[in-house]
Amino acid sequence: MLTLKGISKQIGGLRAVNNVDLSMGENEIVGLVGPNGAGKTTLLNMISGISIPTSGTIIFDNENITGLKADRICKKGIAKTFQIAESFPGLTAYECTMIGALFGNHRAISMADAGKKAIEILDFVGFPMEKRDTTIKNLNVVELKRVQLARALASEPKLLLLDELTTGLNPKESNEAVDLIKKIRDQGVAILIIEHVMSVIMGVSDRIVVLDYGEKIADGRPYEVVNNQKVIDTYLGDIDAF
Ligand SMILES: Nc1ncnc2c1ncn2[C@@H]1O[C@H](COP(=O)(O)OP(=O)(O)O)[C@@H](O)[C@H]1O
Ligand SMILES: [Mg+2]
């Protein structure tokens, strides 16, 4: 459903992403890992239309979406959560989720239907009932992550891009997030997830892709990738994430 061909992003004198090929099938969960600064967020930003590739092509559902704006790409069925969850500080959790429903991947819906959908999805992600009318700026990190996920899901994506969804969560909360990610996939959504905690990545991914200095250095099944010597030398050797 998604194919990246030779995607690069030049930022000033830096090749933040360098000639990356990547494909994803429907219903697949792909984990994207690599050291800080490897280009993971930049790659997700290009897929979601937040930034435009310097070169290369992005095909989604047999259509060339390279260079389309983020709102157009969202309507085609790609939604993203952000590494730093800061959008709409003055809206309530409920309103923020409604935005996803109103501007998502489907025909125009009424405010009443968007409201119903927001409640359904806040329930699905386990967002606490008593916090639904609390403003975004007054939520804690766990609640923020859930409402971001709810907003992304409310747009009914076919492909969900998750940037460090479990960063800042404790092990129990991370496990809950893993269960939720699997539940989302079971509803027919493909997921590309950036994550540092290897137990999370190993627990959810059908396939793992490793970036280093903007280049793809590995792409394969989880156990192949974590046993790949180049991956151990450049990434896994440095972290004690297990
Ligand atoms: N807007 C920007 N301006 C300048 N440099 C940037 C910008 N965005 C990313 N970079 C640089 O591009 C590289 C890749 O960054 P990023 O994609 O955020 O990496 P990751 O998410 O893997 O940690 C880093 O060296 C980062 O400093
Ligand atoms: Mg990042």
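Residues numbered from 1 in each chain as written. Chains lettered and ligands numbered in written order. Predicted model: local features only at pLDDT ≥ 70, side-chain atom pairs only at ≥ 80, totals over all residues. Heavy atoms only, no water.

1. Details of the domain arrangement of the protein
The cut-off we apply is this: Where each domain starts and ends follows an automatic or database-derived domain assignment. Contacts are assigned to residue pairs with any non-hydrogen atoms lying within 4.5 Å of each other. By convention, the term buried area covers the 1.4 Å-probe accessible surface removed from two parts as they join, with the contributions of both added.
You can read the domains of the protein as domain 1 (1–77 + 158–242) and domain 2 (86–156). For domain 1 and domain 2, the distance between their C-alpha centroids amounts to 24 Å. Taken together, the contact pairs 18 residues of domain 1 with 14 residues of domain 2. Together domain 1 and domain 2 conceal approximately 1,300 Å² of surface at their shared face, both sides included; 65% is due to carbon and sulfur atoms.

2. Side note on the sheet that holds strand β1 (residues 2–11)
As a reminder, the rule being used: Any two strands between which DSSP finds at least two bridges are classified as paired. Helix and strand assignments follow DSSP, with helices taken as H or I runs no shorter than four residues and strands as E runs no shorter than two, numbered in order from the N terminus. Comment: axis = line fitted to C-alpha atoms, over the contacting stretch for helices; angle = value between 0 and 180 degrees taken between N-to-C directions.
The 4 strands are arranged β2-β1-β4-β5 in an open sheet whose pairing can be described as antiparallel. The strands lining the two open edges of the sheet, one partner per strand, are β2 (14–24) and β5 (63–64). One ladder, built from 7 bridges, connects β1 with β2; its direction is antiparallel. Paired with Leu2 across the two strands is Met24, which belongs to β2. Here helix α1 (residues 40–47) sits on the sheet in contact with β1, β2 and β4 (55–60), set at roughly 120 degrees to β1.

3. Comments concerning the environment of Thr81
The test is simple: Pairs of N or O atoms are called polar contacts if they sit within 3.5 Å, as long as, within protein, a hydrogen donor faces a hydrogen acceptor (for residues adjacent in sequence, only side-chain-to-side-chain pairs).
Among the secondary structure elements, Thr81 is positioned in strand β6 (residues 78–81). When the C-alpha atoms of Thr81 and Leu44 are compared, they prove to be 9.8 Å apart, with 37 residues separating the residues in sequence. Each residue touching Thr81, except ones within four places of it in the same chain, is listed here: Gln148, Leu149, Ala152, Leu161, Leu162, Asp163 and Leu165. Engagement of the side chain of Thr81 in a polar contact is seen with the backbone nitrogen of Asp163, the distance being 3.4 Å.

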